[in-house]
Amino acid sequence: MKSDIWIDAGTVKSLKKQRLSEIMAGNTRIALICKNGEFSAVSGECNHEKGPMAQGRMEGDYIVCPWHGWKYHRETGHAMPPFEIACLPRHEVHQKDGHIFIKSKPSNKRAHFPHPAHSLSRDVKRAKGPIRVAGISTTPMSKSLPRYSTSEDLLNSALAHAHSKFGAQTRLIKLRELKFSHCGGFYSIDEKACTWPCTFTQMDEKDQLTEVYEALVFWADVVIIATPIRWGNASSLYYKMAERLNCIENQILLSGKKLIKDKVASFIITGGQDNVQSVAGLMMMFFGELGFQLPQQSFIGHSRGWAAEDMANNAALVKSSGRLKKDARDLVDRAVDTARELLKR
Ligand code: FES
């Protein structure tokens, strides 16, 4: 198709009924805006991840992208200050014989706000060095009222063993100490709206889940996730993290990009009460979907059963249990053995 032709977008009468309409000029998406009877047109694709601008909403003179909320002026196409260097292509509009015509060729080029690529968007490559084991403790706890955690105690035992037996580098991440946003559910708008790096990570440099992404995607050969059982499930913090990890798995579906390769995941699950196997099943499934390999017997668990409400006794039991500490060490042995095999490939 010729690039400078005028597209008949439809009648003024019908187009006046909605503030935003998507008009196609060949393969080019255009957002037509009508405000107070005046028409203007800009590119129908957002600068960020090509979100469909015409499906957004108006906020004053700005169109808000429906995917992650970037805003552009309806007439100039410039992004909202302080990002006004960024600009969408604009298209000329005129009315004739009761119809709206849009020039297919834009009158300016798309301009992006200059910023360096996020560090998480670098290539995934294992840095040389000894085996590396990351532990993620997902138990919620008040900072001002710290308490003994059965799952975190066993995780600490596991990491200490990884270091002493295998000379592993270890890293303990306590999710409760990180400030991070819950998932925005962008995947539920459109699978392409769930990006890598996560959009929250890109847009908020203070979001601290970067520490988890760094460990899972780049640093660790083995990841051990420890959780308490809360009402038959993993902890609320575990799920807050898991939802933000959707962007890792989503890259496989979108473009076949495997961010997690040749890494091992194992789990420590403790509850004063029951449901170890169910929690393990869900965690194994999820981390498998992210791309982790599971060693044989990839979890250890502890629970004294539904009726055991005497939690102080449970804490004392785990604290003094040689068997559970041995279980944690054996878990590490299996995970590291599997990781070593994978690293030989
Ligand atoms: S804000 Fe438009 S695609 Fe992300």
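Report follows, based on the coordinates. Here the structure is a predicted model, which is why all the values come from computation and not from measurement. (Residues numbered from 1 in each chain as written. Predicted model: local features only at pLDDT ≥ 70, side-chain atom pairs only at ≥ 80, totals over all residues. Heavy atoms only, no water.)

What to know about the sheet that holds strand E15 (residues 299–303)
Part 1 of the reasoning: As summarised here, the arrangement of the five strands in space is E12-E11-E13-E14-E15, forming an open sheet in which the pairing is parallel. Two strands bound the open sheet, and with one partner strand each, they are strand E12 (169–174) and E15. The average angle at which neighbouring strand axes cross in this sheet is 15 degrees, direction not considered.
Part 2 of the reasoning: Relative to strand E13 (residues 222–228), strand E11 (residues 132–137) is paired through five bridges, and the arrangement is parallel. Considered in E13, the bridge of Ile136 is made with Ile225.
Part 3 of the reasoning: In this fold helix H4 (residues 210–219) packs onto E11, E12 and E13, with an angle of close to 150 degrees to the strand it touches most, E12.
Part 4 of the reasoning: Each of E13, strand E14 (264–271) and E15 is contacted by helix H7 (residues 276–290), which is oriented at about 155 degrees to E14, the strand it contacts most. (Pairing = 2+ DSSP bridges. Helix = DSSP H or I, 4+ residues; strand = E, 2+ residues; numbered from the N terminus. Axes fitted to C-alpha atoms, helices over the stretch in contact; angles between N-to-C directions. Contact = heavy atoms within 4.5 Å.)

Things to note about the sheet that holds strand E1 (residues 6–11)
Part 1 of the reasoning: On the basis of which strands lie adjacent, the open sheet formed by three strands has the order E1-E10-E9 and antiparallel pairing. The sheet is open, and its two edges are formed by E1 and strand E9 (93–96), each paired on a single side. Between one strand axis and the next, the sheet turns by 30 degrees as a mean value, whatever way the strands run.
Part 2 of the reasoning: Both E1 and strand E10 (residues 99–103) contribute to a ladder of five bridges, which runs antiparallel. Across the sheet, the residue bridging to Gly10 is Ile100, located in E10.

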